[in-house]
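# Tertiary structure, described
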Amino acid sequence: MVQSFHEFVVHRSPGLSRTAYLLTGDHQLAEDLLQVALARTYRHWRRVADGDPEAYVRRVMYHQQVSWWRRRRLVERLEAQPPERPAGDGTEASALRLSLAAALRQLTPRQRVVIVLRFYEDLTEARVAEVLGCSVGTVKRHGHDALRRLRQIAPDLVDDTAERSAR
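This report concerns the structure included in the present document. (Residues numbered from 1 in each chain as written. Predicted model: local features only at pLDDT ≥ 70, side-chain atom pairs only at ≥ 80, totals over all residues. Heavy atoms only, no water.)

A count of helices and strands for the chain gives 9 helices and 0 strands. Here the chain holds 167 residues, and the buried ones make up 34% of them. Taking the contacts inside the chain whose residues are at least 6 apart along the sequence as the reference set, 66% of them involve residues at least 24 apart. Only carbon and sulfur atoms are counted for the fraction: they give 52% of the accessible area of the chain, which is about 11,000 Å². (Helix = DSSP H or I, 4+ residues; strand = E, 2+ residues; numbered from the N terminus. Buried < 20%, exposed > 50% of the residue type's maximum accessible area, 1.4 Å probe, protein only. Contact = heavy atoms within 4.5 Å. Areas by Shrake-Rupley, 256 points an atom, 1.4 Å probe, with all protein chains shown as cover.)

Okay, the nonpolar core next. Residues Val57, Met61, Val113, Leu117 and Leu132 are the most contacted members of the largest nonpolar core, which totals 28 residues. Of all the elements in the fold, those that place two or more residues in this core are α1 (2-24), α2 (27-43), α4 (53-72), α6 (109-120) and α7 (125-132). Ranked by residue count, the leading element in this core is α4, at 7 residues. Discounting chain neighbours no more than four positions away, the residues touching Leu117 are Arg58, Asp122, Leu123, Val128, Val131 and Leu132. (Core = buried A, V, L, I, M, F, W, Y, C linked by side-chain atoms within 4.5 Å.)

For the rest of this paragraph, the subject is the pattern of salt bridges. Throughout the structure, instances matching the rule amount to 7 salt bridges. Residues Glu54 and Arg12 are paired through a salt bridge, measuring 2.7 Å at the closest nitrogen-oxygen approach. Of this pair, Glu54 sits in helix α4 while Arg12 sits in helix α1, placing them 42 residues apart in sequence. Owing to a relative accessible area of 29%, Arg12 belongs among the partly exposed residues under this scheme. A salt bridge links Asp52 to Arg127; its shortest N-O distance comes to 1.9 Å. Note that Asp52 is positioned in the loop between α3 (45-48) and α4 and Arg127 in helix α7, a separation of 75 residues in sequence. The network of salt bridges with shared partners includes Arg12, Glu54, Arg58 and Glu121. (Salt bridge = Lys/Arg side-chain N within 4 Å of Asp/Glu carboxyl O.)

On to the packing of aromatic side chains, then. Throughout the structure, instances matching the rule amount to 3 aromatic pairs. Centre to centre, the rings of Phe5 and Trp45 are 5.1 Å apart; their planes meet at 75°, and the pair counts as edge-to-face. Remark: Trp45 occurs in helix α3 and Phe5 occurs in helix α1; sequence separation between them is 40 residues. For Trp45, a relative accessible area of 4% corresponds to the buried category. By the ring-pair criterion, three or more aromatic residues cluster together here, those being Phe5, Phe8, Tyr42 and Trp45. Above the face of the Phe119 ring, Arg118 is positioned so that its terminal group lies 5.4 Å from the ring centre. (Phe/Tyr/Trp six-rings, centres within 6.5 Å; stacked < 30°, edge-to-face > 60°. Lys NZ or Arg CZ within 6 Å of the ring centre and 35° of its normal.)

This part covers the side chain of Asp145. Topologically, Asp145 is positioned in helix α8 (residues 136-153). According to the relative accessible area criterion, Asp145 is buried, its value standing at 16%.

Okay, the packing of α6 against α8 next. Helices that pack against each other are described as a pair by the angle of their axes relative to one another and the distance between those axes. Interhelical geometry of α6 versus α8 gives an angle of 100° and a closest axis separation of 9 Å. Taken together, the axes of α6 and α8 are roughly perpendicular relative to one another. Here Arg110, Gln111, Val114, Ile115 and Phe119 of α6 come into contact with α8, specifically with Thr138, Val139, His142, Gly143, Asp145, Ala146 and Leu147. Of the residues contributing to the contact of α6 with α8, the split by class is 6 nonpolar, 4 polar and 2 charged. (Axes fitted to C-alpha atoms, helices over the stretch in contact; angles between N-to-C directions. Parallel < 35°, antiparallel > 145°, perpendicular 65-115°, else oblique. Nonpolar A, V, L, I, M, F, W, Y, C, P; charged D, E, K, R; others polar.)

As structure tokens, then:
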């Protein structure tokens, strides 16, 4: 049992870590989120190992993130002067990544998880519904609302994505 869990963690942690980061928008919180999810998964490993343990971990991460979000209600502070940014990389990929992270943080946790699972993890609507334990219609609704919101807050991001997928 311990060996199979260890192998699962070694092989799937990088992908699960990226998903956790997309859910939280913060590297340290993503590490915490993944650790909590893996610890909870380990407790049920005998039952989970025969099914789809990755989906189970994702579901635990999603529910834990929502729980943290409900408890914290972080408030953004607006500064009179923007912080100094170091001169650096400035590549298009970095700018796109930052824009995406900022846009995802403005979505509700449920919308964020649907967008991450649908477009980053490339899961079908049916698979997302299975992971989240809800109906396909609910996934479609949250996806639709999230894309509409993204078009409002980051129209350049949506346009860039549409152009890339058209190629």
